[in-house]
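Residues per chain, in single letters:
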Amino acid sequence: MMKKKSISASKASLVFFLCQMISALDVPLDLLQPPTITQQSPKDYIVDPRENIVIQCEAKGKPPPSFSWTRNGTHFDIDKDAQVTMKPNSGTLVINIMNGGKAEAYEGVYQCTARNERGAAISNNIVIRPSRSPLWTKERLEPNHVREGDSLVLHCRPPVGLPPPIIFWMDNAFQRLPQSERVSQGLNGDLYFSNVQPEDTREDYICYARFNHTQTIQQKQPISVKVFSMDSLNDTIAANLSDTDIYGAKPVTERQPVLLTPTGSTSTKVELRGNVLLLECIAAGLPTPVIRWIKEGGELPANRTFFENFKKTLKIIDVSEADSGNYKCIARNILGSAHHVISVTVKAAPYWITAPRNLVLSPGEDGTLICRANGNPKPDISWLANGVPIAIAPEDPSRKVDGDTIIFSHVQERSSAVYQCNASNEYGYLLANAFVNVLAEPPRILTTANKLYQVIADSPALLDCAYFGSPKPEIEWFKGVKGSILRGNEYIFHDNGTLEIPVAQKDSTGTYTCVARNELGKIQNEVHLEVKDPTMIIKQPEYKVIQRYGQVSFECIIKHDSTLLPTVIWLKDNDALPDDERFLVGKDNLTIMNVTDKDDGTYTCIVNTTLDSVSASAVLTVVARPNPPFDLELTGQLERSVELSWIPGDENNSPITNFVIEYEDGLHEPGVWHYQTEVPGTQTTVQLKLSPYVNYSFRVIAVNEIGRSQPSEPSEQYLTKSANPDENPSNVQGIGSEPDNLVITWESLKGFQSNGPGLQYKVSWRQKDVDDEWTSVIVANVSKYIVSGTPTFVPYEIKVQALNDLGYAPEPSEVIGHSGEDLPMVAPGNVQVHVINSTLAKVHWDPVPLKTVRGHLQGYKVYYWKVQSLSRRSRRHVEKKILTFKGNKTFGMLPGLEPYSSYKLNVRVVNGKGEGPASPDKVFKTPEGVPSSPSFLKITNPTLDSLTLEWGSPTHPNGVLISYILKFQPINNTHELGPLVEIRIPANESSLILKNLNYSTRYKFYFNAQTSVGSGSQITEEAVTIMDEVQPLYPRIRNVTTAAAETYANISWEYEGPDHANFYVEYGVAGSKEDWKKEIVNGSRSFFVLKGLTPGTAYKVRVGAEGLSGFRSSEDVFETGPAMASRQVDIATQGWFIGLMCAVALLILILLIVCFIRRNKGGKYPVKEKEDAHADPEIQPMKEDDGTFGEYSDAEDHKPLKKGSRTPSDRTVKKEDSDDSLVDYGEGVNGQFNEDGSFIGQYSGKKEKEPAEGNESSEAPSPVNAMNSFV
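Residues numbered from 1 in each chain as written. Predicted model: local features only at pLDDT ≥ 70, side-chain atom pairs only at ≥ 80, totals over all residues. Heavy atoms only, no water.

S.K.: Is there a simple way to explain the overall build of the chain in this structure?
M.R.: Regarding its fold elements, the chain presents 6 helices and 94 strands. A burial count over the chain gives 45% of its 1271 residues as buried. Expressed as a percentage of contacts within the chain between residues at least 6 apart in sequence, the contacts between residues at least 24 apart total 66%. On the chain, roughly 64,500 Å² of surface is accessible, and the fraction owed to carbon and sulfur atoms is 51%. (Helix = DSSP H or I, 4+ residues; strand = E, 2+ residues; numbered from the N terminus. Buried < 20%, exposed > 50% of the residue type's maximum accessible area, 1.4 Å probe, protein only. Contact = heavy atoms within 4.5 Å. Areas by Shrake-Rupley, 256 points an atom, 1.4 Å probe, with all protein chains shown as cover.)

Take a look at the structure:
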């Protein structure tokens, strides 16, 4: 919501009020005028007897008036009393009490008279009375002995003071006595007990009277109250009477209400108009009565009626004659009611209807003074002239008194005087001074010349033109210097000269001229009006809901007139913001950090300028998790149920959605709380189901949208009776751990499920399908029992029954278990292998008899391994692979076989104990496949018309090579390809000289190998013939070679061209249309390692140089796979390695010197033995990416490096001749297949080593081991 207030509007109200005052034509003080009383003391003036008495009387007039006083109706000669002085130029009296005077000596009625040559004004009758705070009269107070349930009144009876004291009750510790509907203080100060209770017994009921005028407190003597309960009273009587006496006090009985005050059924009350009406009813009764008020024949006045003192007091403010009538109070409890009627009469001291006002007349004019007042009873009106009753005042032919009016005709200057009107009745009087001043004065304007008025557009503008003149001048307004007179409905002309523009607009801005004229002259004055744009809040604060400890922000964006300077104030609940650093006031917002519950409320943004004010408010609601419930109570306790009730805690502005009930079993799991149930948030009671033999405690958690409350305090404990178990253990199983036992297990019952003490289990078993009796045993509260001496893997019927000291649980259900398993006895028979293609075979076998499995059949495992490659005889390792086929399957697929190889396999049955014996090894062979790409292709000896090609055989021939296919074509300067030429080369060739080529021409070559199955993947290269036996003009990258492993490949190349070329390697999956992936080579090295490759995938690769547009090598194809060995690069010529070896040699020399010195000192240091134990290390490759030592085939076994793994002199890296896979040196994985042979699992391999075959050469150990020998 948005509230708007306009300061200009409030100013208008003030100006209008002032203008009304000015409309009486106040006479400027520089002109002759009778006296006017401006300040005087109140009529009833109670003074502090310890301080000086100051009786005020101030007046104005021309000439300045003189002052005199009367006391008790006679002249008060202040010159004769040294204690009394009058202030200079004032009529105010100062009576010196502090220097020996006594206030009581100056009690009386005082009246001041101010007089000059034009008349005399008088003040009210001022009654001076010193305040009094007398002491309490001494009295003997007897102790009050009261029976429980009776009523009691403790009388205060304070001393009569002036003014009357304020009464309150306290104890000896100066603590106010608590009051309630049962115990309360009456208007007369007495303390009323509707019924007394034992806790009312005390000896320090003290009534205090506070006299505010003298700031003193008087204390009454303490009152003692002793309340006797019926039980204690009966005990006292019994102790003093014989057994034969009849005794016994009546028990506390309930009583219907009886009024303690006021007494009787009716009473009267008189109150004066404008005062506060207080009516009181206090009743006795048990139970404590409740008071209700009504007005007979009418309604209690709205907005002016209040109830105090627990509705025992009816309070009506600002009463009027309409509030007269009968008011009934009704006291009611469950036994009945009592009532009292108070007849209220509202009287009235005199009050003004029309008070006389000063009258300024010019000679010869007429006028009237009117004095009208009302009251109950109606007041009498009397007139005085210059303080003298008008009947005995000097006569004036120009005046005539007509009741409450004095009529003046053809006044002259001598008619000037001050007239007093007195209106009085039995409840008070009114006195008003009004003068008649006869003057002849030309007009004068009292408003400041060129005064500037500023207002807000669309609000009223009031331009002042205060004036004086006699006779009264006429006022006219003009706009602008030469504007016409203002008239019409858009202007309002007030009698005091003010011009009002009800709705000022921007075009109302300008200069306005006020002209005042009478028969004695004319005068004018100019004022200026500026109309400003209103201040607006264009972005108001909005209603916010925030969680406790969160952060919230209210916006207040304003728009205002550019000439006005706004100030923004934020309020909380119409009060200043808390002095807290969490409240951050920005230019356009208010931010509250770490919000707490006390920040809940209404926030108001108030924008003030000098002319207007606007405001906008928004409510902040702070929500939080509810407070925990309290006052938990258990009722209706039964063996298997109880009712729980509670009182919800504060929901913290977010309604409670549900209650969660938890329980604790103090008998079995003390300190552990479990979920019991939950109920809706509107429910505060719940019927809970219980289990036997549980010591329950409950607690309740309230839940709202914000979260869960803290748990309530626990309820009282409730121990249920014991009973037979209601349920048996769950998850009963029988599984043997050995071939000759049966292990019976179950999930034990929880503590509260035992239903009683002595929880045990009856375990029963018998062999299934055998006519045996049940064997049973009773065990303690455990969860396992082992039966020994059972046959191997036979079924058993099993049941487990719970029991306690009171009996058994219901009959349990039976489950089937088995005794322990043993290894299978026989191997699968009739194993057959069907080779599907060069990489896939299908194996069949006959299932074994189930009795020979001796356990749960889990499946069959097929072990298979490669014996040798049919294209070569070398073989170093045997890698056995395992495929598991679950269930009773009788066939499976063997994927990932190598073409043109000899394999063996066997099959084994598997149960829960392990594997059975293997079937006889079955040999099968895979047919030929297409070969891999040649291991390398390099082009050398370029001449004018010839090139020499050299190549290496494929790493995986996958059969018998029958030939090589060479294709080549020229490339022109625009990189366009010429006609393709194909040449078939015998398989036993490893080089070829191409002749009759064009000079200075680039050629692209495509080279692959063939078996009888088909052609393998190709390798590409580019070369250029020379011109005039000169080096080629174009830079080139040639002899790109690869050495691939499972997940990475070493790429190397030769570069001819300008120095400082920046190389990059591009690669992708062979045959794929995806974009080439690009890797930048660090520096100008001619090798790079591609990492993160996929095993068993064919890749294409090429090398290029940055900055040389379109310049890159021919493509090469390589294949990753499980059978790629580690690659080694000759680094013997690397400078860093030479430096490292020098450092090692220096270290050896230092160690020799140290050894020699130690030997000379008598010690021995076997350096020589260590030197003899290690040969010179062979140079090993570096990792291309970080320059550290490369990887080796087996650091532990010191496997010799493969033949052909050294780097050739032309820097071409050859592929390995070995068929060994990197998997040989890692862990195998298991695999599974569907019936159609699709792969669904993983391999599981075991490493088996075989002696080295063929012509493999033995090489030196690696430099890593050489270095380790010094450690």
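Having seen it, we continue.
S.K.: Before we go on, may I ask you to explain the state of the cysteines in this structure?
M.R.: Each disulfide is one covalent bond, formed between the sulfur atoms of two cysteines. Counting across every chain of the model gives 6 disulfides. Between the sulfur atoms of Cys-57 and its disulfide mate Cys-112 the distance is 2.0 Å. Residues Cys-57 and Cys-112 share a disulfide whose torsion about the S-S bond is about -75 degrees; that sign makes it left-handed. Placement of the pair is Cys-57 in strand β5 (residues 57-62) and Cys-112 in strand β10 (residues 108-116), with a sequence separation of 55 residues. On the basis of relative accessibility, which here comes to 0%, the residue Cys-57 falls in the buried class. Here Cys-371 pairs with Cys-421 through a disulfide, and the sulfurs are 1.6 Å apart. The S-S bond linking Cys-371 to Cys-421 shows a torsion near -65 degrees; that makes this disulfide left-handed. Of this pair, Cys-371 sits in the loop between β31 (367-370) and β32 (372-376) while Cys-421 sits in strand β37 (residues 417-425), placing them 50 residues apart in sequence. By the burial criterion, Cys-371 is buried, and Cys-421 matches it. Here the chain pairs its bonded cysteines, counted in sequence order, in the arrangement 1-2, 3-4, 5-6, 7-8, 9-10, 11-12. (Disulfide = S-S within 2.5 Å.)

S.K.: Would you take a moment to explain the side chain of Ser-764 for this structure?
M.R.: Secondary-structure assignment places Ser-764 in strand β67 (residues 760-767). At a separation of 2.7 Å, a polar atom in the side chain of Ser-764 contacts the side chain of Ser-776. If sequence neighbours within four positions are ignored, Ser-764 has contacts with Trp-774, Thr-775, Ser-776, Glu-797, Ile-798 and Lys-799. (Polar contact = N/O pair within 3.5 Å; in protein donor to acceptor, adjacent residues only side chain to side chain.)

S.K.: In this structure, what is going on with the packing of aromatic side chains? I would like to understand it.
M.R.: What describes a pair of aromatic rings is the distance from one ring centre to the other and the angle between the planes of the rings. Taken as a whole and judged by the stated rule, the model has 25 aromatic pairs. With a centroid separation of 5.9 Å and an interplanar angle of 80 degrees, the aromatic rings of Phe-193 and Tyr-205 are classed as edge-to-face. One end of the pair, Phe-193, is in strand β17 (residues 191-193); the other, Tyr-205, is in strand β18 (residues 202-211), and 12 residues separate them in sequence. Taking the relative accessible area as the measure of exposure, Phe-193 reaches 1% and is therefore buried. Every member of this aromatic cluster is reached through a ring pair, and the members are Phe-168, Phe-174 and Tyr-208. Against the face of Trp-774 rests Lys-799, its NZ or CZ located 4.4 Å from the ring centre. (Phe/Tyr/Trp six-rings, centres within 6.5 Å; stacked < 30°, edge-to-face > 60°. Lys NZ or Arg CZ within 6 Å of the ring centre and 35° of its normal.)

S.K.: Sorry, what's going on with the sheet that holds strand β93 (residues 1116-1119) here?
M.R.: Think of a sheet as strands paired side by side through backbone hydrogen bonds, with each pair either parallel or antiparallel. The sheet built from 4 strands is open, its strands ordered β90-β89-β92-β93 with antiparallel pairing. Pairing within the sheet leaves two strands with one partner each, and these edge strands are β90 (1077-1080) and β93. When the angles between neighbouring strand axes are averaged without regard to direction, this sheet yields 30 degrees. When strand β89 (residues 1062-1069) meets β90, the two strands line up antiparallel, connected through 4 bridges. (Pairing = 2+ DSSP bridges. Axes fitted to C-alpha atoms, helices over the stretch in contact; angles between N-to-C directions.)

S.K.: Teacher, can you tell me more about the pairing of strand β47 (residues 521-532) here?
M.R.: Successive side chains on a regular strand alternate, one facing one side of the sheet and the next facing the other. As paired elements, strand β40 (residues 451-456) and β47 share 6 bridges and run parallel to each other. The partner of Lys-451 across the bridge, within β47, is Val-527. By the bridge criterion, 9 bridges tie strand β46 (residues 510-518) to β47 in an arrangement that is antiparallel. Its bridge partner being in β47, Thr-511 is matched across the sheet by His-528. Count of turn residues in the β46/β47 antiparallel hairpin: 2 residues.

S.K.: How do you make sense of the pattern of salt bridges when you look at a structure like this?
M.R.: When the charged atoms of two side chains with opposite charge come close together, those side chains can pair. What the rule picks out here adds up to 39 salt bridges. Arg-182 is the salt-bridge partner of Asp-200, the closest N and O atoms lying 2.6 Å from each other. Here Asp-200 is found in the loop between β17 and β18, whereas its partner Arg-182 is found in the loop between β15 (166-170) and β16 (183-185), with 18 residues between them in sequence. Classification of Arg-182 as buried rests on a relative accessible area of 15%. Salt-bridge contacts for Glu-811 lead to Lys-799; the nearest nitrogen and oxygen are separated by 2.9 Å. Pair noted here: Glu-811 is in the loop between β71 (807-808) and β72 (815-818) and Lys-799 is in strand β70 (residues 795-804), with a separation of 12 residues, a long-range link. The class of Lys-799 is buried, set by a relative accessible area of 14%. (Salt bridge = Lys/Arg side-chain N within 4 Å of Asp/Glu carboxyl O.)

S.K.: How do you make sense of the sheet that holds β31 when you look at a structure like this?
M.R.: Strand order in the open sheet formed by 3 strands is β31-β36-β35, and the pairing between neighbours is antiparallel. Strand pairing shows two members of the sheet lacking a second neighbour, β31 and β35 (399-402), which therefore form its edges. Adjacent strand axes in the sheet meet at a mean angle of 15 degrees when their direction is disregarded. With 4 bridges joining them, β35 and strand β36 (residues 405-408) adopt antiparallel strand pairing. Of the residues in β36, the one forming a bridge with Lys-400 is Ile-407.

S.K.: Explanation requested: the side chain of Asn-1039 in the structure shown.
M.R.: On the secondary structure map, Asn-1039 appears in strand β87 (residues 1036-1044). The exposure class of Asn-1039 is buried, given its relative accessible area of 1%. Reaching out from Asn-1039, the side chain makes a polar contact with the backbone nitrogen of Ile-939 at a distance of 3.1 Å.

S.K.: Would you mind going over the environment of Ile-217 with me for this structure?
M.R.: Within the element layout of this structure, Ile-217 appears in strand β19 (residues 216-219). Along the chain, Ile-217 and Ile-166 lie 51 residues apart, while their C-alpha atoms are 9.2 Å from each other. The residues touching Ile-217, leaving out its near neighbours within four places in the chain, are Phe-168, Tyr-208, Ala-209 and Arg-210.

S.K.: Explain a nonpolar patch on the surface to me, please; I cannot follow it from the model alone.
M.R.: Taken together, the side chains of Leu-1146, Leu-1149, Ile-1150, Leu-1152, Ile-1153, Val-1154, Phe-1156 and Ile-1157 define a hydrophobic patch exposed on the protein surface, amounting to about 720 Å² of accessible area. By the element assignment, Leu-1152 lies in helix α4 (residues 1135-1160). Given the relative accessible area of 34%, Leu-1152 is considered partly exposed. (Patch = residues over 30% accessible without salt bridge, like charges linked within 9 Å, V, L, I, M, F, W, Y side chains within 5 Å.)

S.K.: How do you make sense of the nonpolar core when you look at a structure like this?
M.R.: Inside soluble globular proteins, nonpolar side chains tend to come together where they are buried. Counting residues in hydrophobic clusters, the biggest one holds 29 residues, and the most contacted among them are Ile-53, Ile-55, Trp-69, Ile-95 and Tyr-110. Every element with two or more residues in this core is listed here: β4 (53-55), β5, β6 (66-71), β9 (93-95), β10 and β12 (126-130). Counting residues per element, this core draws most heavily on β10, at 3 residues. Ignoring any residue separated from it by four or fewer positions in sequence, one finds Trp-69 in contact with Ile-55, Gln-56, Cys-57, Thr-74, His-75, Phe-76, Met-86, Gly-91, Leu-93, Tyr-110, Gln-111 and Cys-112. Ranked by size, the runner-up nonpolar core spans 20 residues in total, among them Ile-656, Tyr-696, Ala-702 and Tyr-718. (Core = buried A, V, L, I, M, F, W, Y, C linked by side-chain atoms within 4.5 Å.)

S.K.: How should I be thinking about unusual backbone geometry in this particular structure?
M.R.: Glycine aside, negative phi is the norm for most residues, and most peptide bonds take the trans geometry. With an omega of -10 degrees, the peptide bond running from Thr-261 to Pro-262 counts as cis. Position of Pro-262 relative to the elements: it lies in the loop between β21 (255-261) and β22 (266-272). In the segment running from Leu-286 into Pro-287, the intervening peptide bond is cis, with an omega of 0 degrees. With respect to the helices and strands, the residue Pro-287 is situated in the loop between β24 (282-286) and β25 (290-295). The residue Asn-386 is not glycine, and still its phi comes out positive at about 55 degrees. Positive phi, normally seen in glycine, also occurs at Tyr-693, with a value near 55 degrees. Among the secondary structure elements, Tyr-693 is positioned in the loop between β62 (685-689) and β63 (695-704).

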